[in-house]
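# Examining the three-dimensional arrangement
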Amino acid sequence: MDVRYISAIDAYNAAKEGTLLLDVREEIETSDIWINMENVVSVPFKTLIDTKERLPKNERIILCCAIGIVSKEAATLLMENGYTDVFVLENGLVAWKLADLPLKSIEDMPCQCQCNKDEKNGD
């Protein structure tokens, strides 16, 4: 079973058509940047073995991580468990970012805190 790779542009086009993008980065890695598309699901690699049965076995899945190493391991794990239409985002989020594809970052999230409230009121 050889792992198959997909370019960032091809992954983006597949995602626009409904293909599941599975982000297998660990929680600490996903705290500041994410792929900004509707059908991206985050399942940290360490929990993938326990949650894999909830993934569609007969549909294409594109795995992504920071640079492609962990997603390759995840692809191997899924293929060993009967998943057949599995791809790895070649060079991970680095390639996604270099291709200038949709991302969101912590800076894009609305601030719910009132951390500067006192400064704005002059208190």
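Look up a bit, the structure's there.
Throughout this document, residue positions are counted from 1 along each chain, in the order its sequence is written. Confidence filtering applies because this is a predicted model: local features only for residues at pLDDT of at least 70, side-chain atom pairs given and counted only at 80 or more, and all residues used for totals across whole chains, interfaces and linings. Calculated side-chain values reflect all of the structure's heavy atoms, with hydrogen atoms and water omitted.

### A short note on the pairing of strand S5 (residues 61-64)
Under the scheme applied here, a residue whose accessible area is under 20% of the maximum for its type counts as buried, over 50% as exposed, and between as partly exposed, the area being computed with a 1.4 Å probe on protein chains only. Helix and strand assignments come from DSSP, with helices taken as H or I runs of at least 4 residues and strands as E runs of at least 2, each series counted from the N terminus. Here S5 shows no split at all, with Ile61 and Leu63 on one side and Ile62 and Cys64 on the other all buried. Strands are treated as partners if at least two bridges between them are detected by DSSP. Here four bridges tie strand S2 (residues 20-23) to S5, and the two strands are oriented parallel to one another. Considered in S5, the bridge of Asp23 is made with Cys64. Of the pairings in the sheet, the one linking S5 to strand S6 (residues 86-89) comprises three bridges and is parallel in character. When the bridges of S6 are listed, Ile61 appears paired with Val86. The handedness of a crossover follows from its direction of travel: if, with the strands pointing away from the viewer, the path from the first strand over the helix to the second runs clockwise, the crossover is right-handed. Chirality of the crossover, the property in question, places the unit of S5, helix H3 (residues 69-80) and S6 among those that are right-handed.

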